[in-house]
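Breakdown of the fold
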Amino acid sequence: MKATLIYGKGDIRIENVPDPELKDPTDAVVRVVRSCICGSDLWPYGSKEASDEGARIGHEFLGVIEDIGSEVDGLAKGDLVVAPFVWADNTCDFCAEGLQTSCRHGGGWGMNGVDGGQGEAVRVPQAQGTLVKLPVGEDSALLPSLLTLSDVFSTGHHCAVTAGVSEGDTVTVIGDGAVGLSAVLAAKRLGAEQIILMGRHTARTDLGREFGATDVVAERGDEGIEKVRELTGGDGTRKVLECVGHEAAMDMALGAVRSGGTVSRVGVPQYDKVTAGSQFFMNNITLTGGVAPARAYIEELMPDVLDGKVEPGKVFDVSMGLDDVPTGYQQMADREALKVIVTP
Ligand SMILES: [Zn+2]
């Protein structure tokens, strides 16, 4: 079968790899129907050291179960399923707490002999705990939105949940990438009244407005913070959702939050330290967030997707086949594409 490999910075290749087979009785083999490229895939794409051996990549996919191990209950060959961006048993103590990203028997895609999601098929470890059955056919128009449960919409939701966004809340979302826009949608879904989206790409902030943003701030840095304060009677918002991962974005988040408020971050941090000095202390700011346990949210979010109450799949603006994935990475890195969906 064909799959996507990364050989280093800017070097993505589609190659033939061995077809996946069951290794453990807890495995399933899934034929991928849709996958996508993540903003977080762009970090290795922009920085990975060159290597003679490519590494499998991709961690968001949905597909059809083609083969299933003897110890997997509740799923069957032919089921259409979505996989969260890490695999997990969904039974250990961390999983029971809704922290499947810390599963004692789980792991990531595209590492340690596990397939990546950007390929024609994937061997799924801990299939019973990992995969969630989708009650639609593989020709459903809902597939893009259902695919976002794998990562991007679940991550935006996690950001809003860990920030404690609730009915009538005021929220600033930093970043107009697919995660930021998903965070807008998630905050709106949880009842936020004022949602200020900080971003400067009009096509993206327009989608943000469609998702529920009440205000858009294009300015950055101190100027951006000033604009947020102007829009909030000088105070800032109670919740700030940081969906970028750069230090400058975190600095803006800490500047835009109201005293007593919460900053949640889900952008993969490209920095080691947070500047959390006296202002942070004197204003009683809470800092939270982290990697999203998507598996914990799929059942909760799916009904709204099936009902069409939310359409998170609108973040996909470019669609392509597997052979074009190297171009898809380039388009996303150049910000020509917001998020690329792949039909292998
Ligand atoms: Zn677990």
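None of the values given here were measured: they were computed from a predicted structure.

What to know about the packing of helix α6 (residues 178-189) against helix α7 (residues 202-211)
As a packed pair, α6 and α7 sit with axes 8 Å apart at the nearest point and diverge in direction by 15°. It follows from the interaxial angle that α6 and α7 lie roughly parallel. For the pair α6 and α7, the sense of crossing is right-handed. Taken together, the residues of α7 that come into contact with α6 (itself represented by Leu 181, Val 184, Leu 185 and Lys 188) are Arg 204, Leu 207, Gly 208 and Phe 211. Here the contact of α6 with α7 is composed, by residue class, of five nonpolar, one polar and two charged.

Digging into the domain arrangement of the chain
For the chain, the assigned domains are domain 1 (2-151 + 294-343) and domain 2 (158-289). The distance between the C-alpha centroids of domain 1 and domain 2 comes to 27 Å. Contacts between domain 1 and domain 2 engage 13 residues on the former and 12 residues on the latter.

Points about unusual backbone geometry
Peptide bonds are trans in most cases, and residues, glycine excluded, mostly fall at negative phi. Residues other than glycine seldom take positive phi values, yet Asn 284 does so here, at roughly 55°. Tracing the chain through its elements places Asn 284 in the loop between α10 (278-282) and β16 (286-289). The class for Asn 284 is exposed, based on 9 C-beta atoms found within 10 Å. One non-glycine residue with positive phi stands out, namely Arg 335, at about 60°. With respect to the helices and strands, the residue Arg 335 is situated in the loop between α12 (325-333) and β18 (340-343). In this structure Arg 335 comes out as exposed when scored by C-beta crowding, with 12 C-beta atoms within 10 Å.

Thresholds, definitions, all that
- Residues numbered from 1 in each chain as written.
- Predicted model: local features only at pLDDT ≥ 70, side-chain atom pairs only at ≥ 80, totals over all residues.
- Axes fitted to C-alpha atoms, helices over the stretch in contact; angles between N-to-C directions.
- Helix = DSSP H or I, 4+ residues; strand = E, 2+ residues; numbered from the N terminus.
- Parallel < 35°, antiparallel > 145°, perpendicular 65-115°, else oblique.
- Left-handed = near helix turned anticlockwise from the far one by under 90°.
- Contact = placed C-beta atoms within 7 Å.
- Nonpolar A, V, L, I, M, F, W, Y, C, P; charged D, E, K, R; others polar.
- Domains from an automatic or database assignment.
- Buried ≥ 20, exposed ≤ 12 C-beta atoms within 10 Å, placed from the backbone.

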